[in-house]
Amino acid sequence: MQRTLNEEFSIEGKGLHTGLDIHITFRPAPDNYGYSIRRVDLPGKPVIKASAENVCSTERGTVLSEDGVQVGTVEHALAALYASRIDNCLIDVDAPEFPILDGSSITFINKIIQAGIREQAEERIYYMPEKKIEDIDEKSGSHLILLPADEFKIQCQVMYDSDILHVQSAHLNNLSDFHKEIAMCRTFV
């Protein structure tokens, strides 16, 4: 079944790219809502759907854009929601980016746990590729492969053209391990 937050929660912190003091609130949302981000700092409080189709940049963070309105540095919060199996959430933010906090997902995870999770009436919809899907970004060299599987698993490898950072790899064999294996991992620049 789909799930949402049991109650809303708020977080305050600095923006990594803007340096702004940012206030963000995560609110329960109805069945089949998905994730949406409302820019409460802009006239009309426009809403951006958090979907792959709205990703306009992944350089130095994930930026979403819809109808000319953008919001960035969303990756840590959205990962925490997904890993917590939250299907529906409205996120209010008063800036053009989410706060970076300590550079990880752990604060978001802890706040989700404190707020609690409520099961909803509608069934959860799963996407499962029927065959291998492969995508290569010629500009960045990024390579993504999706394979059919009975369980959610991720294997990741990064290779930088650097004498300091060598090839690194990680894996997540079960989404329930995100909280203890991945959430506290910090971004770097």
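Residues numbered from 1 in each chain as written. Predicted model: local features only at pLDDT ≥ 70, side-chain atom pairs only at ≥ 80, totals over all residues. Heavy atoms only, no water.

The next point concerns the environment of histidine 23. Along the polypeptide, histidine 23 turns up in strand β3 (residues 21–28). On the accessibility criterion, histidine 23 (30% relative accessible area) is partly exposed. Taking the C-alpha atoms as reference points, histidine 23 and cysteine 56, separated by 33 residues in sequence, lie 23 Å from one another. For histidine 23, the contacting residues outside a window of four places in its chain are Ser10, Ile11, Glu12, Asp92, Val93 and Asp94. (Helix = DSSP H or I, 4+ residues; strand = E, 2+ residues; numbered from the N terminus. Buried < 20%, exposed > 50% of the residue type's maximum accessible area, 1.4 Å probe, protein only. Contact = heavy atoms within 4.5 Å.)

With that settled, the discussion passes to a nonpolar patch on the surface. A contiguous nonpolar patch, built from Tyr127, Ile133, Leu144 and Leu146 and spanning about 390 Å² of accessible area, is present on the exposed surface. Along the chain, the position of leucine 144 falls in strand β12 (residues 143–146). (Patch = residues over 30% accessible without salt bridge, like charges linked within 9 Å, V, L, I, M, F, W, Y side chains within 5 Å. Areas by Shrake-Rupley, 256 points an atom, 1.4 Å probe, with all protein chains shown as cover. Salt bridge = Lys/Arg side-chain N within 4 Å of Asp/Glu carboxyl O.)

At a closest axis distance of 8 Å, the pairing of helix α1 (residues 75–83) and helix α2 (residues 106–115) adopts a crossing angle of 40°. Judged by the angle between their axes, α1 and α2 are oblique. Of the two possible hands of crossing, α1 and α2 adopt the one that is right-handed. Every residue of α2 that contacts α1 at His76, Ala77, Ala80 and Leu81 is listed here: Phe108, Ile109 and Ile112. Across the contact of α1 with α2, the residue classes tally to six nonpolar, one polar and no charged. (Axes fitted to C-alpha atoms, helices over the stretch in contact; angles between N-to-C directions. Parallel < 35°, antiparallel > 145°, perpendicular 65-115°, else oblique. Left-handed = near helix turned anticlockwise from the far one by under 90°. Nonpolar A, V, L, I, M, F, W, Y, C, P; charged D, E, K, R; others polar.)

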